[in-house]
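Single-letter residue listing:
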Amino acid sequence: NREKIQEYVGISRLLERIDFISRLPSKLQAHVDKKNYKAAVDIWLSAEKILETQTHYESFVRIRNECLEIIKNIKAQVQVQMMSEDATSEEIINCVVILIELQQPADVLLPKLIEQRKKIDQKLFENLPKMDNVFDLITSVHDMIAVSCMNFIREYQSQVLEFSEILPDTGDREEKMDKFLKGYRVDL
């Protein structure tokens, strides 16, 4: 009886996995529709290996191709969001993390991220009001620019450096920065 029960449990688990795979494209698309790209990518990454190993089943190939189209769409939308000047530091960094998880090269993405951030900083500097009182100017620079830049640096350190194994090691563990962040700080 135990052997029969174990066999049924195994069959049940297999059916659950097949059900998960068959619903995968609609789950991914539902997350894309809600602009919840991170959740869609997480689901995809959990199922990608299974679909790659089951290419001898036509239905799995079809599901994989549908998913790859959705992932391609996610990459395009995330890249647009990453380059938006209206996006917050957290949103931009999240976009980079998603793209890195989708095997986009970090050494290509991070310079784009830094250049985008420099454009945002330039806009912040241009929008500073003219002031005669130097203390008011210092307060404005702090409130409008310094806080924003520090938020970006913190987000970068907490999110991007998690992928430190794929980034070049600069040997500067004390400051927890890579060459891209160091370059940004120098330019800033």
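Before reading further, recall that the structure is shown in the block above.
Presented here is an overview of the structure given in this document.

Cut-offs applied
- Residues numbered from 1 in each chain as written.
- Predicted model: local features only at pLDDT ≥ 70, side-chain atom pairs only at ≥ 80, totals over all residues.
- Heavy atoms only, no water.
- Helix = DSSP H or I, 4+ residues; strand = E, 2+ residues; numbered from the N terminus.
- Rg over C-alpha atoms; globule rule 2.2 N^0.38 Å.
- Buried < 20%, exposed > 50% of the residue type's maximum accessible area, 1.4 Å probe, protein only.
- Lys, Arg positive; Asp, Glu negative; His and termini not counted.
- Charge placed at Lys NZ, Arg CZ, Asp CG, Glu CD.
- Disulfide = S-S within 2.5 Å.
- Core = buried A, V, L, I, M, F, W, Y, C linked by side-chain atoms within 4.5 Å.
- Contact = heavy atoms within 4.5 Å.
- Expected span 1.5 Å × (residues − 1).
- Bend = angle between axes of the 7 residues up to and from the residue.
- Axes fitted to C-alpha atoms, helices over the stretch in contact; angles between N-to-C directions.
- Left-handed = near helix turned anticlockwise from the far one by under 90°.
- Nonpolar A, V, L, I, M, F, W, Y, C, P; charged D, E, K, R; others polar.

Regarding the overall build of the protein chain
Point 1. A tally of helices and strands in the protein chain yields 7 helices and 0 strands.
Point 2. Of the regular secondary structure in the protein chain, the N- to C-terminal order runs α-α-α-α-α-α-α.
Point 3. Rg of the C-alpha trace for the protein chain: 23 Å, well past the compact-globule value of 16 Å for 188 residues, more than 25% over.
Point 4. Each principal axis of the C-alpha distribution contributes one length, and for the protein chain these read about 85 × 35 × 30 Å.
Point 5. Here the protein chain, with 188 residues, has 31% of them falling under the buried criterion.
Point 6. Averaging the locations of the 26 positively and 32 negatively charged side chains of the protein chain gives two centres separated by 5 Å.

Topic: the state of the cysteines
Point 1. Counted according to the given criterion, the structure contains 0 disulfides.
Point 2. With no disulfide of its own, C95 lies 19 Å from the sulfur of C149, the closest cysteine sulfur.
Point 3. We classify C95 as buried; its relative accessible area is 3%.

Thoughts on the nonpolar core
Nonpolar side chains in soluble globular proteins tend to be buried together.
Point 1. One finds I74 and Y156 to be the most contacted residues of the largest nonpolar core, which totals 47 residues.
Point 2. Going through the elements one at a time, helix 1 (2–33), helix 2 (37–53), helix 3 (58–82), helix 4 (89–101), helix 5 (106–126), helix 6 (134–159) and helix 7 (179–187) are the ones with two or more residues in this core.
Point 3. Apart from the residues lying within four places of it in its own chain, the contact partners of Y156 are I93, L110, L113, I114, L161, D178, F180 and L181.

Quick notes on helix 2
Point 1. The end-to-end C-alpha distance of helix 2, which contains 17 residues, comes to 24 Å, matching closely the 24 Å that a straight helix rising 1.5 Å per residue would cover.
Point 2. If you look at helix 2, its biggest bend is around 40°, right at A47.
Point 3. Residues of helix 2 that are buried: Y37, A39, A40, V41, I43, W44, A47 and L51.
Point 4. Buried positions along helix 2 lie against helix 1, helix 3 and helix 4.

Looking at the packing of helix 3 against helix 4
Point 1. Two elements in contact, helix 3 and helix 4, have axes separated by 9 Å at closest approach and are oriented at 150°. Seen along the crossing, helix 3 lies across helix 4 with a hand that is left-handed. Across the interface between the two elements, K75, V78, Q79, Q81 and M82 from helix 3 touch E91, I92, C95, V96, I98 and L99 from helix 4.
Point 2. Its residues assigned to classes, the contact of helix 3 with helix 4 comprises 7 nonpolar, 2 polar and 2 charged.

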